[in-house]
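Summary of structural features
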Amino acid sequence: MSAASPSHKHLDEIIKKTKRKVIKNPSYKEVERSALPGQNPIGEIPQRYVHNDHRRIFLDVDNLRKWDIGLFQRFPQAEKVPLTGLEPGPAGSWDSRTTEIFGSVLIEKGRFRMWYLSMPDPESYNDCADHSFASYAESDDGVHWRKPDLGITGQNRYPGNNLLPLPGHMTSVVPALPKTGAKYLAATVQINPLEPDITAEKKWGFKYHGGGTYLWASDDGFRWRQLTEKPLIIHGDVCSLYADHGTGRYLLYQKMGMLHGLDLRRSWLGLESADGIHWEGYNGIHTHRECFVADDYDDLIAARAGCRIADHYTIAPYRVGETYLAVESMFLICDPMKQEFGQYPKGLGYMRLAYSHNGFNWRRPKGRPPFLELGKPGEFDAGFMCSGNTFTEHGDDLLFYYTGCRYEHGWCITPDFRFDQSIPLSEQRCTNRMMLAKIKKDRFASLAAPYRARFDVENTTKMELTSGRRHLDAGPRGGDELFVNARCPEGGIRVAVIEHGKNDPRPGFSLDDCIPFTGDSVRAPIRFRKKSIAQIPPTTGLRLRFEVTRGEIFGYEWGE
């Protein structure tokens, strides 16, 4: 129809008489000006939590503003380290079937302390396949471990054991926050009847109200008092507790079943608390925060491995600066699959990373690259792997304890999670091992340049905690020194400091003024020839320009 048609003539007259405000996209400079501190009062979102950790990692690249085409994001995998002393015990012992790091590792005055899961041998094919205990071990170096004779409980049935008198397995032990009134907070999940000789209610002073997730407090890590008389939540057989001391809150992630189409997924919801007793984020099965749910892209990853679908088996949260990250233990599920609401037993595993800025809204790097992959056939992590509850910081390294299985998950059980009677019970012993993977501190992802590349980052300080996305506000320096986490033994790193809203570096802080860093360091100071970072006004919003030559940078940090 032509513009001269009667209907269009009438419409044109209406449009001419109507006063309309022209809407146009803002220019690049207008966007920059609106992001200056104090220049953008509209849309301010109050900070619910205050971070006092001035590290930035390039797992998340939201604050990049300009970058060269020669810049690439790289995802190094963790290095596997064998452990000793944590192998399953002899036949008839409390840990003869398996030992697994559904638990935590803390370091206190040079001593490594581990709380973990153990299982005895089944006495018959009718026994529960998840008959678990809470156990304890120690080490001087995090590699060579010993199981001390605690003499606390179960001595009649298992003399000389390292068991703790808690129902179920201890999934997490964390340093408690001040409002808890204890040194440690722990989460356990109980899915089986109590063992009278080990977890007698009257003897140990707790009340058992059926299966579920319970919370406990302790001053020594051995003797625990019950914080939640009834289960905090009754979903799934594992959870992960994280103490976020920077924000003064606990985060608890709990496994539960959710449907994606007609496929049930092991998924995870999230709760938070300031004291470990009063929690928010869960008001029943239909009112909760969904945090980790597999999708169609995950099913495509599963298909590449010859599997059907994927879900999340365990979650290990951690925080670096304002960025939360999680190791997701992905379960790649194979046939047989059930047409009912229940978990699927068969499949393979691998681990990858996710990140968030509020602990509840999670995203993944492009392509969802692996953080840790299965071993070769015959190795103890050739078939399946799942994580402990978080990283353990040790000098310049991050230690990540996990459980590996020689065979695929569910290799010895039927679809209804009973022991497969075609496999001798003796062959089901010693197929799992607790294992260790380590990376250099905060080296989860890097911005790498095979030759040379530059990129600008906004020194963002505000977070929009509802969706977990960054504000555009450019923050000031967070200390008198600037450090980089970088590896460039054959090249170098240079930095320029630019006042936000301007194009040229501040005098004395250009790339040519910067003394290049060459080498490999998780915290290398950046120096300028005639100026120091401390001379920059502490309230000036900043942009940083990095130049990387034949190297990679994992992040930066403000400090003293």
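Residues numbered from 1 in each chain as written. Predicted model: local features only at pLDDT ≥ 70, side-chain atom pairs only at ≥ 80, totals over all residues. Heavy atoms only, no water.

Some details on the overall build of the protein chain
Scanning the protein chain from terminus to terminus reveals four helices and 34 strands. Looking at the protein chain as a whole, 56% of its 560 residues qualify as buried. Taking contacts inside the protein chain between residues at least 6 apart in sequence as the whole, the part at least 24 apart equals 67%. Only carbon and sulfur atoms are counted for the fraction: they give 52% of the accessible area of the protein chain, which is about 24,800 Å². (Helix = DSSP H or I, 4+ residues; strand = E, 2+ residues; numbered from the N terminus. Buried < 20%, exposed > 50% of the residue type's maximum accessible area, 1.4 Å probe, protein only. Contact = heavy atoms within 4.5 Å. Areas by Shrake-Rupley, 256 points an atom, 1.4 Å probe, with all protein chains shown as cover.)

A word on the layout of surface pockets
The method is simple in principle: a probe with the dimensions of a water molecule rolls over the atoms, and the space it marks as empty is what remains. Taken as a whole, the largest pocket holds about 930 Å³ of empty space. Looking at the largest pocket, it is lined by 42 residues, and the ones nearest its centre are Asp130, Asp237, Tyr313, His409 and Phe417. Among the elements of the structure, β5 (98-108), β6 (111-119), β15 (249-260), β16 (263-273), β23 (384-387) and β25 (397-405) are those that each provide at least two residues to the lining of the largest pocket. Taken together, the residues that form the lining of the largest pocket break down as 19 nonpolar, 15 polar and eight charged. In this model, the second largest pocket occupies a volume close to 450 Å³. Lining the second largest pocket are 20 residues, with Pro175, Tyr242, Tyr318, Phe391 and Glu393 sitting closest to its centre. When contributions to the lining of the second largest pocket are tallied by element, the ones reaching two or more residues are β5, β10 (169-175), β14 (239-244), β19 (309-320) and β24 (392-394). Looking at the lining of the second largest pocket, its residues break down into ten nonpolar, five polar and five charged. (1 Å grid on protein atoms, 1.4 Å probe; cavity = no way out; pocket = protein on both sides within 12 Å on 5 of 7 lines; lining within 4 Å. Points joined across faces, edges and corners; volume = space filled by probe spheres on them. Nonpolar A, V, L, I, M, F, W, Y, C, P; charged D, E, K, R; others polar.)

Regarding the environment of Phe112
Its place among the elements puts Phe112 in strand β6. Separated by 29 residues in the primary sequence, Phe112 and Asp141 place their C-alpha atoms 7.0 Å from one another.

Brief notes about the side chain of Asn162
With respect to the element layout, Asn162 can be found in the loop between β8 (145-146) and β9 (163-164). In this structure the side chain of Asn162 is engaged in a polar contact, spanning 2.7 Å, whose partner is the side chain of Trp94. Every residue in contact with Asn162, bar those within four places of it in the chain, is listed here: Trp94, Tyr116, Ala134, Ser135, Tyr136, Lys147, Pro148 and Leu150. (Polar contact = N/O pair within 3.5 Å; in protein donor to acceptor, adjacent residues only side chain to side chain.)

Focus: the nonpolar core
Counting residues in hydrophobic clusters, the biggest one holds 57 residues, and the most contacted among them are Phe292, Leu325, Phe371, Phe391 and Phe444. Contact partners of Phe292, with chain neighbours within four places excluded, come to Tyr253, Ser267, Trp268, His312, Ile315, Ala326, Glu328, Ala354, Trp362 and Arg364. Counting 30 residues, the second largest nonpolar core, distinct from the first, contains Phe58, Val484, Cys514 and Val548. (Core = buried A, V, L, I, M, F, W, Y, C linked by side-chain atoms within 4.5 Å.)

As for the packing of aromatic side chains
Inspection of every chain in the model, using the stated rule, returns 32 aromatic pairs. An angle of 75° between the planes, with centres 6.3 Å apart, marks the rings of Tyr253 and Trp362 as edge-to-face. Of this pair, Tyr253 sits in strand β15 while Trp362 is found in the loop between β21 (347-356) and β22 (370-372), placing the two residues 109 residues apart along the sequence. Considered together, Tyr253 and Trp362 belong to a single accessibility category, that of buried residues. Ring centres of Tyr313 and Phe331 lie 5.7 Å apart, and the angle between their planes is 85°; this geometry places the pair in the edge-to-face category. Taken together, the positions of Tyr313 in strand β19 and Phe331 in strand β20 (residues 323-333) put the pair 18 residues apart, joining distant regions of the chain. Arg406 extends its terminal NZ or CZ atom over the ring of Phe380, reaching a point 4.0 Å from the ring centre. (Phe/Tyr/Trp six-rings, centres within 6.5 Å; stacked < 30°, edge-to-face > 60°. Lys NZ or Arg CZ within 6 Å of the ring centre and 35° of its normal.)

Digging into the confidence of the model for the protein chain
Residues with a pLDDT of 70 or more make up 88% of the protein chain, whose mean pLDDT is 86. Here residues 1-12 is modelled with pLDDT under 50, and outside its nearest four sequence neighbours on either side it reaches seven contacts, counting other chains as well. Here residues 14-50 is a poorly scored stretch, pLDDT under 50, and it has 38 contacts once near neighbours within four places are set aside; other chains count. (pLDDT = per-residue confidence, 0-100.)

Description of the sheet that holds β21
For sheets, the rule is that strands pair by backbone hydrogen bonds, running either parallel or antiparallel. Read from one edge of the open sheet, four strands run β19-β20-β21-β22, paired in antiparallel fashion. Both outer strands of the open sheet, β19 and β22, are each paired with one neighbouring strand and no more. Strand-to-strand twist across the sheet, computed as the mean angle between neighbouring axes with direction ignored, equals 35°. Packed onto the sheet, helix α4 (residues 296-304) meets β19, β20 and β21 and runs at close to 110° relative to β19. (Pairing = 2+ DSSP bridges. Axes fitted to C-alpha atoms, helices over the stretch in contact; angles between N-to-C directions.)

Side note on empty space enclosed by the protein
Enumeration according to the criterion identifies five cavities of 30 Å³ or more in this entry. Taken as a whole, the largest cavity spans an internal volume of roughly 90 Å³. Every residue lining the largest cavity is counted, 13 residues in all, and those nearest its centre are Ser132, Phe133, Gly168, Gln190 and Glu195.

Examining the side chain of Arg494
Relative to the assigned elements, Arg494 resides in strand β30 (residues 481-499). Of the polar contacts made by the side chain of Arg494, one reaches the backbone oxygen of Leu511; its length is 3.3 Å. At 2.8 Å, the side chain of Arg494 forms a polar contact with the side chain of Glu547. Setting aside anything within four residues of it in sequence, one finds Arg494 in contact with Arg454, Leu511, Asp512, Cys514, Pro516, Arg545, Phe546 and Glu547.

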